[in-house]
Amino acid sequence: MFISILFLTYYNSLSSILIYILQYDILTYIRKYTNGGVEMLKYQFPAVRGNQAGKEYYICMIPLGLLSRIFLTDNSEILPEHRAQRRLNEARIPEIRDYILHNRDSYVFSALAASVDGKMEFICSEDNESIGTLDIDMESAFLINDGQHRKAAIEAAIEEDETLKDETISVVIYRDQGLQRSQQMFSDLNKHAVTTSKSLNTLYESKDPDALITKRVVNSINFLRKYTDKEKDNLSKYSSNIFTLNTFYTANKRISRLIGNYDKSEKHIFSFWENVVANMREWNEMDQGELSKKSLREDYIITQGLIILSFGRLCECFAVNPLYDMKETLKGLKKIDWMRNNEANWMNRAIKSNGKINRNEQGIFLTYIQIKRLLGMPITIEELNKEGRMIG
């Protein structure tokens, strides 16, 4: 069988194995049994039995602290065609680990999927043939088919908070049927996965203060509430909306760290966007039916995420310079020519030389500096030097 490497190196005596087990407080899930007169050990997990494609599978509750002891690590040195998993991306682990640690009372994980190569027996309860325990010989080998990054992040989190090891995660267990089947399982489990949009994640986020502030601000300003899509990250040219929630979240998220107080941050962000909306002439003409959305999208740059993110930088500038008269300064937005064909203002800033929108960080910064210039705001020496290096 494919995963024929044994999980546990054989110990000289049963007692030495028990010492190892007790060290990790997993004795609850260990049972003795006799095989040919020899005492052996097996795992015993609470389980539910199911059936897919004519084959049995089992859903088990496994302690987090036991994951690193039973699951093999797929060696990334092995060529991809001889592995059943993608290479572990170490860069993903800290983010997932921190999610667990920062949400200790509310973190949620979906089930892992795994294959077992070894002796495995489901023992049903007296009352229900689908509910019981799954006995797995301790010499069996376990392989994760889906969830290796979650497993690695859980291990990293336990290193910082040992109380996690006694909590459990559901694991869907299949009988191992060789490398080809394991590779196909990985493909099947991942090919139909769809990543949710950042806007929808922001909409459903209930812990991140920056997301909560953004949602309240967008909902409190009538124009933004009417024209902000809260599900999609990319809008079609026929969309009834002209902004996305995630763009506002990205524009706002650094401000609370600059101000250092969430209540003050929310007041500042609300005041900023309220004044921006009041002074964006073309936005209001569209809202009043004097300018079509088609024309607003095609002829102007002010529906682009680039402009919202540049405004975010401007909001930050007012946050760190409270002596600036924000309300009076933003009245100057009415006088700015936002037309795409205004090359004097936007070429090699908001617009690339090929006529496309410049959506990278450089484009955002150069557009922000130009908006400051057009509003008559002072530009720092550092900003001028950075602008000079970018423009060349």
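Just so it is clear, the structure is predicted and the values come from calculations on it, not from any experiment. (Residues numbered from 1 in each chain as written. Predicted model: local features only at pLDDT ≥ 70, side-chain atom pairs only at ≥ 80, totals over all residues. Heavy atoms only, no water.)

1. Quick word on the layout of surface pockets
Stage number 1. The computed volume of the second largest pocket comes to approximately 790 Å³.
Stage number 2. For the lining of the second largest pocket, the secondary-structure elements that each account for two or more residues are α6 (198-204), β10 (243-244), α9 (245-252), α14 (305-320) and α17 (361-374).
Stage number 3. In terms of residues, the lining of the second largest pocket owes the most to one element, α14, which gives seven residues.
Stage number 4. Taken together, the residues of the lining of the second largest pocket sort by class into nine nonpolar, 12 polar and 10 charged. (1 Å grid on protein atoms, 1.4 Å probe; cavity = no way out; pocket = protein on both sides within 12 Å on 5 of 7 lines; lining within 4 Å. Points joined across faces, edges and corners; volume = space filled by probe spheres on them. Helix = DSSP H or I, 4+ residues; strand = E, 2+ residues; numbered from the N terminus. Nonpolar A, V, L, I, M, F, W, Y, C, P; charged D, E, K, R; others polar.)

2. Here's the deal with unusual backbone geometry
Stage number 1. In this structure, A53 is a non-glycine residue whose phi angle is positive, near 50°.
Stage number 2. Within the fold, A53 resides in the loop between β2 (38-52) and β3 (55-63).
Stage number 3. The exposure class of A53 is exposed, given its relative accessible area of 73%.
Stage number 4. A positive phi is found at N348, a non-glycine position, where the angle reads about 65°. (Buried < 20%, exposed > 50% of the residue type's maximum accessible area, 1.4 Å probe, protein only.)

3. Describing the confidence of the model for the protein
Stage number 1. For the protein, the mean per-residue pLDDT works out to 85, and 82% of the residues sit at or above 70.
Stage number 2. For residues 1-27, every residue scores under 50 in pLDDT, and the model assigns this stretch 53 contacts once sequence neighbours within four places are set aside.
Stage number 3. Every residue in residues 78-83 scores below 50 in pLDDT, and together they form 12 contacts with partners more than four places removed in sequence or on other chains. (pLDDT = per-residue confidence, 0-100. Contact = heavy atoms within 4.5 Å.)

4. Notes on the packing of helix α7 (residues 209-220) against α9
In a packed pair of helices, the relevant descriptors are the angle between the two axes and the axis-to-axis distance.
Stage number 1. Their axes nearest at 9 Å, the elements α7 and α9 cross at an angle of 120°. Between α7 and α9, the angle falls in the class oblique. For the pair α7 and α9, the sense of crossing is right-handed. Mapping the contact onto sequence places D210, A211, T214, K215 and V218 in α7 and L245, F248, Y249 and N252 in α9.
Stage number 2. When the residues that make up the contact of α7 with α9 are grouped by side-chain class, the tally is five nonpolar, two polar and two charged. (Axes fitted to C-alpha atoms, helices over the stretch in contact; angles between N-to-C directions. Parallel < 35°, antiparallel > 145°, perpendicular 65-115°, else oblique. Left-handed = near helix turned anticlockwise from the far one by under 90°.)

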